[in-house]
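Observations on the model geometry
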Amino acid sequence: KRLAVVTSIGAGDSKDQAPFFFKILMMTAMKKIFNDKNNQEKVVQESGLEYCIVRPGGLTVDAPTGIVNVIEGEAGSITRADVASFCLDAVKLDDFPYIGKTPCISSVGGTSWVKDRSAKARGGVEA
């Protein structure tokens, strides 16, 4: 049996992949949430199941891009739909390469990425 779970960038050993201001939130306002996420990861890792613990960057509600990058550096953003697709692949594909792992995923950028909120970036749709 195989399980895919979603925690967050910054959980477990990915603390250094979280953007600076997110780290501050993780240590203050979100401290209990991240304790829960870390406990969740431990339970999954010790479950005896095949697993993939997915740690997405900043979640967006944009249309799926079909781009999912497993990243080593600081996370950018990713659509919720792209995270869902990655999770489905984790449980459905026999040769999924991240079983027993905790990949951090992002569709765009990282350290120097700035989200383009202009109408042009949204196909001419005003915010």
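Please read all numbers here as calculations on a predicted model, not as lab measurements.

Counting buried positions along strand 2 (residues 50–56) gives 6 out of 7 residues, so the element sits mostly inside the fold. Two elements, strand 2 and strand 6 (residues 104–106), share 2 bridges in a ladder whose sense is parallel. Within strand 6, the position partnered with P56 by the bridge is I105.

Moving on, we come to the packing of aromatic side chains. Across all of its chains, the model carries 5 aromatic pairs by this definition. Look at F22 and F34: their rings are 5.8 Å apart centre to centre, the planes differ by 80°, and that puts the pair in the edge-to-face class. Placement of the pair is F22 in helix 1 (residues 20–27) and F34 in helix 2 (residues 31–45), with a sequence separation of 12 residues. By way of ring pairs, the aromatic residues F86, F96 and Y98 are connected into one cluster.

Put simply, the chain has an average pLDDT of 85, and 85% of its residues get 70 or more. Contacts for the low-pLDDT stretch residues 110–117, under 50 throughout, to residues beyond four places or in other chains number 10 contacts.

Let us now look at the sheet that holds strand 1 (residues 2–6). Here we have 4 strands laid out as an open sheet, ordered 1-2-6-4, and mixed in their pairing. The sheet is open, and its two borders are formed by strand 1 and strand 4 (69–71), each paired with just one other strand. Each adjacent strand pair in this sheet contributes to an overall mean axis angle of 40°, direction not counted. Pairing analysis gives 5 bridges linking strand 1 to strand 2, with the strands arranged parallel. For R2, the partnering residue across the bridge sits in strand 2 and is E50. Each of strand 1, strand 2, strand 4 and strand 6 touches helix 3 (residues 80–92); the most contacted strand, strand 1, lies at about 160° to it.

This part takes up the environment of G48. Following the sequence through the fold, G48 ends up in the loop between helix 2 and strand 2. Residues G48 and R2 lie 46 residues apart in sequence; the distance between their C-alpha atoms is 9.7 Å.

About the criteria used
Residues numbered from 1 in each chain as written. Predicted model: local features only at pLDDT ≥ 70, side-chain atom pairs only at ≥ 80, totals over all residues. Heavy atoms only, no water. Buried < 20%, exposed > 50% of the residue type's maximum accessible area, 1.4 Å probe, protein only. Helix = DSSP H or I, 4+ residues; strand = E, 2+ residues; numbered from the N terminus. Pairing = 2+ DSSP bridges. Phe/Tyr/Trp six-rings, centres within 6.5 Å; stacked < 30°, edge-to-face > 60°. pLDDT = per-residue confidence, 0-100. Contact = heavy atoms within 4.5 Å. Axes fitted to C-alpha atoms, helices over the stretch in contact; angles between N-to-C directions.

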